[in-house]
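# Structure at a glance
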Amino acid sequence: RWSRAQLLGEIAKGDWGLCRANIGDLTTSPSERWRNTNERLAFAPITEMTESYMRDAHIQMQAARNTAQMHNPQPGDSEIAEE
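This section reports on the structure supplied with the text.

## Re the overall build of the protein chain
- From N to C terminus, the protein chain includes five helices and zero strands.
- Ordered by position from N to C terminus, the α and β elements of the protein chain give α-α-α-α-α.
- Residues counted as buried form 10% of the 83 residues belonging to the protein chain.
- Put simply, 43% of the contacts in the protein chain that link residues at least 6 apart link residues at least 24 apart.
- Carbon and sulfur atoms make up 56% of the accessible area of the protein chain, which amounts to about 7,200 Å² in all.

In structure tokens:
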């Protein structure tokens, strides 16, 4: 059996997420359940309790976004840079 503190610790580390669900979500197949609830998933913010692989993934994703923005400027970005 899991204790409340153990589950909260797992959520805080980013190993578990939360999602609002309804009866229909619970009665579908696992693959369909994942598709139906994917947009509603929420994970804890990155903290000192977050597993290192989660922190590393967040850093890598931020670097990739920054690189993509550098190579694909949005309309209006050049106006700001010119000022």
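Read on, since the account is not over.
## Side note on the side chain of aspartate 25
- With respect to the helices, strands and loops of the structure, aspartate 25 is situated in helix H2 (residues 23-26).
- Assessed through its relative accessible area of 5%, aspartate 25 is described here as buried.
- In this view, aspartate 25 contacts Arg20, Arg33, Asn36, Thr37 and Arg40; residues no more than four positions away in its chain are not counted.

## Description of the pattern of salt bridges
- Evaluated as defined, the whole model comprises one salt bridge.
- Among the ionic pairs, aspartate 25 bridges to arginine 40, the shortest N-O distance being 3.0 Å. Of this pair, aspartate 25 sits in helix H2 while arginine 40 sits in the loop between helix H3 (30-37) and helix H4 (52-71), placing them 15 residues apart in sequence.

## Let's talk about the packing of aromatic side chains
- Taken as a whole and judged by the stated rule, the model has one aromatic pair.
- On the basis of an interplanar angle of 75° and a centroid distance of 5.7 Å, the ring pair of tryptophan 2 and tryptophan 16 is categorised as edge-to-face. Of this pair, tryptophan 2 sits in the segment before helix H1 (4-13) while tryptophan 16 sits in the loop between H1 and H2, placing them 14 residues apart in sequence.
- What makes tryptophan 2 partly exposed here is its relative accessible area of 47%.
- Take tryptophan 16: its relative accessible area is 42%, and that puts it in the partly exposed class.

## Looking at the environment of phenylalanine 43
- On the secondary structure map, phenylalanine 43 appears in the loop between H3 and H4.
- Judged by relative accessible area, which is 49%, phenylalanine 43 ranks as partly exposed.
- A sequence separation of 25 residues divides phenylalanine 43 from leucine 18, and the C-alpha atoms of the two residues are 6.4 Å apart.

Reading the values: rules and limits
- Residues numbered from 1 in each chain as written.
- Predicted model: local features only at pLDDT ≥ 70, side-chain atom pairs only at ≥ 80, totals over all residues.
- Heavy atoms only, no water.
- Helix = DSSP H or I, 4+ residues; strand = E, 2+ residues; numbered from the N terminus.
- Buried < 20%, exposed > 50% of the residue type's maximum accessible area, 1.4 Å probe, protein only.
- Contact = heavy atoms within 4.5 Å.
- Areas by Shrake-Rupley, 256 points an atom, 1.4 Å probe, with all protein chains shown as cover.
- Salt bridge = Lys/Arg side-chain N within 4 Å of Asp/Glu carboxyl O.
- Phe/Tyr/Trp six-rings, centres within 6.5 Å; stacked < 30°, edge-to-face > 60°.

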